[in-house]
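Coordinate analysis (summary)
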Amino acid sequence: MQRPPPEEFLLKETNPHLGGGKITGDKLTSTYDLVEQMQYLYVRVVKAKDLPGKDVTGSLDPYVEVKLGNYKGTTRHFEKKSNPEWNQVFAFSKDRLQASVLEVTVKDKDFVKDDFVGRVLFDLNEVPKRVPPDSPLAPQWYRLEDRKGEKLKGELMLAVWMGTQADEAFPEAWHSDAATVSGMDALANIRSKVYLSPKLWYLRVNIIEAQDLQANIQGRYPEVFVKAILGNQALRTRISSNRGINPMWNEDLMFVAAEPFEEPLILSVEDRVAPNKDEVLGRCAIPLQYVDRRFDHKPVNTRWFNLEKHVVVEGEKKKETKFASRIHMRICLEGGYHVLDESTHYSSDLRPTAKQLWKHSIGVLELGILNAQGLMPMKTKEGGRGSTDAYCVAKYGQKWVRTRTIIDSFMPKWNEQYTWEVFDPCTVISIGVFDNCRLHGGDKGGGMDSRIGKVRIRLSTLETDRVYTHSYPLLVLHPSGVKKMGEIHLAVRFTCSSLLNMMHMYSQPLLPKMHYLHPLTVSQLDSLRHQATQIVSMRLSRAEPPLRKDVVEYMLDVGSHMWSMRRSKANFFRIMGVLSGLIAVGKWFDQICNWKNPITTVLIHILFIILVLYPELILPTIFLYLFLIGVWYYRWRPRHPPYMDTRLSHAESAHPDELDEEFDTFPTSRPSEIVRMRYDRLRSIAGRIQTVVGDLATQGERLQSLLSWRDPRATALFVIFCLVAAIILYVTPFQVVALLTGFYVLRHPRFRHKLPSVPLNFFRRLPARTDCML
């Protein structure tokens, strides 16, 4: 029995004040009922008109400064414009309000000192409140005043109101807690955003044959193969077995393609002239927009494509006008598969690519990202002070969400809520916490956002319509060992629209049916998943603002298949944990046979006699027993979602060198002596695994050799035994045979020998195929 993890690594149940206390009421009254309400003062600066000129030339470079106490936000400025339009929103957290008057000032941008143009003042006690779904507050024109309160020329259109984070203006607003961030790029990089993964397809290229190839070297048969390139994916067929100008392959190549299809599929037929020299015999480019899409296992029509021959004339490539050579192919975009871009253990989506094949959604998943506590300092600021600028990324299905970045806080409060449609309950939502290293002037922070930790929640482990409010430990494995980086506080609710539909899902295959009708090989799935993750990370890194490659790869568990001594040990002990139940049953039965507890053994004898005399009771008894076990275990059912378990992962007990090996690059960057030591260690462990696998194979081969006449005497004995047993079983009632066998197995220890039984001795003497191995 494993000891429980340390207290600090455990999940903690909480009781936050969600949705302004509306969590128990009708959840439709508030779209933000899973998070704590946060109050903000919103200022929307729309535009200005008739602003007076300030320079000698009478021109004006206007911008607006919104000031509340020590917090100050500014709009962009316009060159020489008296009627500018900004339409920018500023949000001041009510928790940090340091003044009772809001000051909105129009200024003129100047080289030396910005000139004052005019201002508008607001008393915070008179600011109206707005609660969605109320319509947005209409902006109004306000006459500018000078510092003495007298009216000036020029007007400013504003809207000022008090609201919560449920307001539509919240995601795009400038926030007072980000006052230290300068530059529009940096501001865009800290706002909350929703991203969508590109729609991925499998592209199947079935290369059948080519005709009338023109090889340049006479007197030899060309060794022809086809190379196919799509983006950064390159695959090739084997060399055709029939050497000639009409080669045949009939080989499938699989690619991952993403909408919109920007790059064509480029095919080149090449001749292996020498070991390291290939000559192109013809090329063709196929735009994917015109490729057939198939949604089932019916084959699409084949087509002939012309091969263009490229020749180099004076350093320039020119096409020959002849199209004598052709290639015969069947190309289709597979809509019936689900393109795997995540680890199969943590899939958040299992639907096929084609939307026509989607089933109806079975429910809704709502996630409230409340706050984090006790975060570690991730970087050092001026003066040697530690700092963390934390944000969260959540991924489920094709929808990714990123919260806003909370600047310089070890206890950030996000209180943002997001919703996803659910199509399968046996899926996982992943929530990652990161430190934003791209603030204060771009990429100074080392280029990559630091990983603070990750949480996974499997939907099938959640009760429907229950709100889970737990604080999850953020555990990260470092080369120095497992480390708690803080805690993240989440509120999760899985709402089921139809219980019948959800129960029906448990009878359906996990993946779309094409995966079973035309299965892909393990190596194909591995390479296709690698390509899919590369495409997703590249596309999301091109969004604005970008979701960086390192963040996407961490969320998609890229590299989780790499060798790790720690993971191997953890998986071994997981297998032992599964087998321990069978071993326990075996030990219990051995105790009964050896009469360790005579009362139990006598009861087993009575049950055994009843089941033999009334064999129709055997199956009902087994199922009734399983039912009773299930009802008994209901008392100890888990009341919280699963979370990272350091004991199960063997993260705490891992040796430092094992961790160093796990964090090593691929290929290795360590010195040769360390690599040699690790190789020797790997060989010793692999030798033990090899022995266990060999022993299992030996037992199977001994079973086969009972009738294979490999040992003629042993097979003759077994065949004679089978004949005698058949005659005895034919003339003796089954109940008598079963009773005698059972009583023999359950006999008292005084009738037992210490030596192994005759059948076991016979089985162990049977030959296996180990004699034939080198």
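Since the model is a prediction, treat every value here as computed from it, not as a measurement.

Within the protein, the secondary structure is distributed over 13 helices and 32 strands. Relative to the compact-globule value of 28 Å for 774 residues, the protein shows a C-alpha radius of gyration of 36 Å, a clear excess of over 25%. Oriented by its inertia axes, the alpha-carbon framework of the protein measures out at about 120 × 90 × 60 Å. The buried share among the 774 residues of the protein stands at 42%. Pairs at least 24 residues apart make up 69% of the contacts formed inside the protein by residues separated by at least 6 positions. For the protein, the computed accessible surface area is about 43700 Å², with 58% contributed by carbon and sulfur atoms. Of the charged side chains in the protein, 102 are positive and 86 negative; the average position of the first set lies 6 Å away from that of the second.

This part covers the UniProt feature "transmembrane region" (unreviewed entry) in the protein. Sequence positions flagged by UniProt for "transmembrane region" (unreviewed entry) are, in local numbering, residues 572-589, 601-634 and 716-746. Helix makes up 100% of residues 572-589 and strand 0%, whereas the separation of the span's terminal C-alpha atoms amounts to 25 Å. The span residues 716-746 is 90% helical and 0% strand by assignment, and the distance between its end C-alpha atoms comes to 30 Å.

Counting along an α-helix, one turn takes 3.6 residues, and residues three or four places apart therefore face a common direction. Between its first and last C-alpha atoms helix H7 (residues 598-613) spans 23 Å; for 16 residues at 1.5 Å apiece the expected length is 22 Å, and the two agree. Along H7, the residues classified as buried are Thr601, His605, Leu611 and Val612. Summarising the axial view, the buried residues of H7 lie within an arc of 135°, below the 170-degree limit, and thus occupy one face. In this structure, H7 carries Ile599 and Leu603 as exposed residues pointing more than 90 degrees from its buried face. The secondary structure elements touched by the buried residues of H7 are helix H6 (565-593), helix H8 (618-633) and helix H12 (734-745).

The description of two helices packed together rests on the angle between their axes and the distance between the axes. Where H7 meets H12, the closest approach of the two axes is 9 Å, and the angle between their N-to-C directions is 160°. Relative to H12, H7 is oriented roughly antiparallel. For the crossing formed where H7 meets H12, the hand is right-handed. Two secondary-structure elements touch here, H7 through His605, Phe608, Ile609, Val612 and Leu613 and H12 through Gln735, Ala738, Leu739, Gly742 and Phe743. For the contact of H7 with H12, the class distribution of residues is 7 nonpolar, 3 polar and no charged.

Before going further, it helps to spend a moment on the pairing of strand E26 (residues 390-396). Counting buried residues in E26 gives 7 out of 7 residues, a clear majority hidden from the surface. Residues of E26 alternate between two faces, with Ala390, Cys392, Ala394 and Tyr396 on one and Tyr391, Val393 and Lys395 on the opposite face, all of them buried. Connecting the antiparallel pair E26 and strand E27 (residues 399-402) is a turn made up of 2 residues, with Gly397 showing a positive phi of about 65°.

This part takes up unusual backbone geometry. Backbone torsion omega between Glu259 and Pro260 reads -10°, so that peptide bond is classified as cis. The phi dihedral of Asp408 falls on the positive side, at around 50°, and the residue is not glycine. Here Asp408 lies in the loop between E27 and strand E28 (413-422). Positive phi outside glycine occurs at Asp465, with the angle close to 65°. Looking at where Asp465 falls in the secondary structure, it is placed in the loop between strand E30 (450-458) and strand E31 (467-478).

What follows concerns the state of the cysteines. Note on terminology: disulfide describes a covalent bond linking the sulfur atoms of two cysteines. Summed over the entire model, instances satisfying the criterion amount to 0 disulfides. The thiol of Cys284 is unpaired, and the distance to the nearest cysteine sulfur, on Cys332, comes to 16 Å. Residue Cys284 is classed as buried on the basis of its relative accessible area of 7%.

Next up on the list: the side chain of Arg456. Within the fold, Arg456 resides in strand E30. Look at Arg456 and you get buried, because its relative accessible area is 17%. Among the polar contacts listed, one links the side chain of Arg456 to the side chain of Asp557, at a separation of 3.0 Å. If near-sequence neighbours (up to four positions away) are discounted, Arg456 is found in contact with Tyr346, Val428, Ile429, Ser430, Asp557, Pro642 and Met644.

Burial of nonpolar side chains together is a common tendency in soluble globular proteins. One finds Leu367, Trp420, Ile429, Ile457, Ile488 and Leu490 to be the most contacted residues of the largest nonpolar core, which totals 37 residues. Taken together, the elements giving at least two residues each to this core come down to strand E23 (363-373), E26, E28, strand E29 (428-435), E30, E31, strand E32 (481-496) and helix H2 (499-505). Ranked by residue count, the leading element in this core is E32, at 6 residues. In contact with Leu367, other than residues within four places in its own chain, are Leu34, Ala394, Glu416, Gln417, Tyr418, Trp420, Ile429, Ile431, Leu490, Ala491 and Val492. Counting residues in each nonpolar core, the second largest holds 35 residues, with Ala48, Val64, Leu158 and Trp174 among its members.

Turning next to the environment of Glu616. For Glu616, the position within the fold is in the loop between H7 and H8. As a C-alpha pair, Glu616 and Phe305 span 311 residues in sequence and 67 Å in three-dimensional space.

With that out of the way, let us pick up the sheet that holds E27. Strand order in the open sheet formed by 5 strands is E11-E27-E26-E29-E30, with antiparallel pairing between adjacent strands. Edge strands, defined here as strands with exactly one partner in the open sheet, are strand E11 (193-196) and E30. Averaged over neighbouring strand pairs, the angle between their axes works out to 20° when direction is ignored. The pairing of E29 with E30 spans 8 bridges and is antiparallel. Residue pairing in the sheet places Gly432 in a bridge with Lys454 of E30.

Basis of the calculations
- Residues numbered from 1 in each chain as written.
- Predicted model: local features only at pLDDT ≥ 70, side-chain atom pairs only at ≥ 80, totals over all residues.
- Heavy atoms only, no water.
- Helix = DSSP H or I, 4+ residues; strand = E, 2+ residues; numbered from the N terminus.
- Rg over C-alpha atoms; globule rule 2.2 N^0.38 Å.
- Buried < 20%, exposed > 50% of the residue type's maximum accessible area, 1.4 Å probe, protein only.
- Contact = heavy atoms within 4.5 Å.
- Areas by Shrake-Rupley, 256 points an atom, 1.4 Å probe, with all protein chains shown as cover.
- Lys, Arg positive; Asp, Glu negative; His and termini not counted.
- Charge placed at Lys NZ, Arg CZ, Asp CG, Glu CD.
- UniProt positions renumbered as here; feature names shortened; annotations may be inferred.
- Expected span 1.5 Å × (residues − 1).
- Arc of directions from axis to C-beta.
- Axes fitted to C-alpha atoms, helices over the stretch in contact; angles between N-to-C directions.
- Parallel < 35°, antiparallel > 145°, perpendicular 65-115°, else oblique.
- Left-handed = near helix turned anticlockwise from the far one by under 90°.
- Nonpolar A, V, L, I, M, F, W, Y, C, P; charged D, E, K, R; others polar.
- Pairing = 2+ DSSP bridges.
- Disulfide = S-S within 2.5 Å.
- Polar contact = N/O pair within 3.5 Å; in protein donor to acceptor, adjacent residues only side chain to side chain.
- Core = buried A, V, L, I, M, F, W, Y, C linked by side-chain atoms within 4.5 Å.

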